[in-house]
Amino acid sequence: MEKLVITGGTPLKGEVTISGAKNAAVAILPATLLINGICRIENLPNISDVKLYCEILEKIGAKITWITKNEITIDTRDICCTKAPLDITRKFRASYYLIGSMLGRCKNVQVGLPGGCNLGARPIDQHIKGFEALGANVEVTQGNITASAKKLVGTSIYMDIVSVGATINVMLASVLAEGTTIIDNAAKEPHIVDVANFLNTMGADIRGAGTDVIKINGVKELKGGSTYSIVPDQIEAGTFMFAAMATKGDITIKNCITKHLESITAKVIEMGGTVEESGDTLRIKCTKRPNKANIKTLPYPGFPTDLQPQAGVVLSIADGTSTINESIWESRFQYTQELCKMGAKITAQGKSAFFEGVKSLSGAPVCSTDLRAGAALIIAGIAANGKTEVYNLEHIDRGYENIEEKFRSLGAKIERVSE
Ligand code: UD1
């Protein structure tokens, strides 16, 4: 078992470069199944979710060549199997994109019901509603999902809930469908635009991604032959922004899209930080104890739920009492119990948590309960006095590339140790 051992108390200073977005990568990889050809993907984050996805794609007949650790070519001409490996697909949430892409390509697919971070109930009724509206027959039995169709025909689909996954999945299923599909009340996250841009580069006709109405005109074929570079990770950039705030640091974040970070920049300024923007670079500085702030998580362009725990660390040491309202996931406050082991005073009740800011945290052994909770605990460990040990690193490795090396390059005293 591995753990991170952190000696806290160092303000983070220096430059860090953001990797490609995890949530775009885990949608673009299955989207390659819609292509009858070879494509090249650059700026692919080197994280365990990406490696797992590549393993699944290879098992169903894709040929993947790693050019560098962040660049692959993928040949999807010989897809030979419509049953995704059930044991692997159960391991992570984003395997649900295989349903949309394989249904689009082969009109038939079986996938293990997706797992992923334990953030509360994670239904996929909106995905299923979309597939059925396109003409598919979907069955959920014994932990598996089977979807099949004679043909898929475009139609208008209104999403009852703004869902990132359902928006992308219906987009995937409709790219090769007959006629036009309209997704109303679509999610608008940056990675939705990225998946649409990728598919359009390969020959799809998708309009309106990034707004709440997406129109997909079905095309006969996606040919490949092109190169696509994945968008920088909004959540990784935000993680370093809150790390600067929690450690009274001065971090220059390179390779980010500042437009995607507006809701986060606004909170950083409210917390007393300064933000300098220049092209694709943001410099975040904090010279005093952070101010209190209230946060409500919302779909994009609101404050992202995936940065709620990292912001929570800053609020745990802010001057005054703050509130976070979580409106997306019902169990996203598990990290607050770990922060309390480090001296934080947080009361979580249902969808709200109340942070009575303490002057400082003190190091303790803590468990990463999910991916973003893990990132938050690393930030807490760097900000705290004394030694922190972070366990359950498999969550963190799913979504952050070289996380300890990046923090170390900013001056953090952090080591990965095998027990
Ligand atoms: C994606 C992200 C995840 C992020 C989340 C919200 C990926 C791989 N994961 O997850 O990191 O936290 O967006 O930004 O991109 N819902 C339903 N029925 C459905 C689908 C969703 O009720 O069919 C509900 C969910 O329970 C949740 C809300 O809608 O309360 C939003 O979920 P959704 O946007 O679908 O999240 P994911 O795509 O799973």
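For the structure, check the block above.
Since this is a predicted model, take the numbers as computed values, not measurements.

(A) Region of interest: the pattern of salt bridges. The final tally for this structure, using the stated rule, is 26 salt bridges. In this structure, the salt-bridge partner of R289 is D319, at a minimum N-O distance of 3.9 Å. Taken as a pair, R289 in the loop between strand 16 (281-285) and strand 17 (295-296) and D319 in the loop between helix 10 (308-316) and strand 18 (321-325) lie far apart in primary sequence, 30 residues in all. Residue R289 is classed as partly exposed on the basis of its relative accessible area, which comes to 23%. A salt bridge links R416 to D397; its shortest N-O distance comes to 2.8 Å. In this pair, R416 is assigned in strand 23 (residues 413-418) and D397 in helix 13 (residues 393-399), connecting sequence segments 19 residues apart. Overall, the relative accessible area of 22% leaves D397 in the partly exposed class.

(B) Molecular detail of the side chain of N144. Looking at the element boundaries, N144 is found in strand 8 (residues 144-148). What N144 contacts, discounting residues up to four positions off in sequence, is L86, R90, Q110, V111, G112, L113 and E139.

(C) Spotlight on the packing of helix 6 (residues 164-174) against helix 7 (residues 190-201). Two elements in contact, helix 6 and helix 7, have axes whose closest approach is 10 Å; the angle formed by their N-to-C orientations is 10°. The orientation of helix 6 with respect to helix 7, classified from their angle, is roughly parallel. When helix 6 is examined against helix 7, the residues V164, T167, I168, M171 and L172 are found in contact with a partner set consisting of H191, I192, V195, A196 and L199. Looking at the contact of helix 6 with helix 7 residue by residue, the classes come out as 8 nonpolar, 2 polar and no charged.

(D) Geometry of the pairing of strand 10 (residues 180-184). Side chains of strand 10 alternate between two faces, with T181 and I183 buried and T180, I182 and D184 left unburied. Looking at chain direction, strand 9 (residues 156-158) and strand 10 are connected through 3 bridges and run parallel. Bridge assignment links I157 to a residue of strand 10, and that residue is I183. Read from strand 9 through helix 6 to strand 10, the crossover connection turns out right-handed. In terms of strand pairing, strand 10 meets strand 12 (residues 213-217) through 5 bridges, oriented antiparallel. Bridge pairing in strand 12 places T180 opposite N217.

(E) Local environment of the packing of aromatic side chains. Counted according to the given criterion, the structure contains 5 aromatic pairs. Considering the side-chain rings of Y96 and Y97, the 4.7 Å spacing of their centres and the 75° angle between planes classify their relative orientation as edge-to-face. We note that Y96, like Y97, is buried. Judged by centre distance (6.1 Å) and plane angle (50°), the rings of F242 and F303 are tilted. Placement of F242 in helix 8 (residues 234-246) and of F303 in the loop between strand 17 and helix 10 is noted, with a sequence separation of 61 residues between them.

(F) Structural context of unusual backbone geometry. Residue P301 is bonded to the preceding Y300 through a cis peptide linkage, with omega at 15°. Following the sequence through the fold, P301 ends up in the loop between strand 17 and helix 10. One non-glycine residue, N43, lies in the positive phi region at around 55°. Mapped onto the elements of the fold, N43 is located in the loop between strand 3 (38-42) and helix 2 (48-59). Even without being glycine, N392 reaches a positive phi, approximately 60°. Assignment of secondary structure puts N392 in the loop between strand 22 (387-391) and helix 13. In this structure N392 comes out as partly exposed when scored by relative accessible area, which is 25%.

(G) Quick look at the environment of K151. Along the polypeptide, K151 turns up in the loop between strand 8 and strand 9. Between the alpha carbons of K151 and G135 there is a distance of 6.8 Å; along the sequence they are 16 residues apart. If sequence neighbours within four positions are ignored, K151 has contacts with K107, L134, G135 and E178.

Analysis parameters
- Residues numbered from 1 in each chain as written.
- Predicted model: local features only at pLDDT ≥ 70, side-chain atom pairs only at ≥ 80, totals over all residues.
- Heavy atoms only, no water.
- Salt bridge = Lys/Arg side-chain N within 4 Å of Asp/Glu carboxyl O.
- Helix = DSSP H or I, 4+ residues; strand = E, 2+ residues; numbered from the N terminus.
- Buried < 20%, exposed > 50% of the residue type's maximum accessible area, 1.4 Å probe, protein only.
- Contact = heavy atoms within 4.5 Å.
- Axes fitted to C-alpha atoms, helices over the stretch in contact; angles between N-to-C directions.
- Parallel < 35°, antiparallel > 145°, perpendicular 65-115°, else oblique.
- Nonpolar A, V, L, I, M, F, W, Y, C, P; charged D, E, K, R; others polar.
- Pairing = 2+ DSSP bridges.
- Right-handed = clockwise from strand over helix to strand, strands pointing away.
- Phe/Tyr/Trp six-rings, centres within 6.5 Å; stacked < 30°, edge-to-face > 60°.

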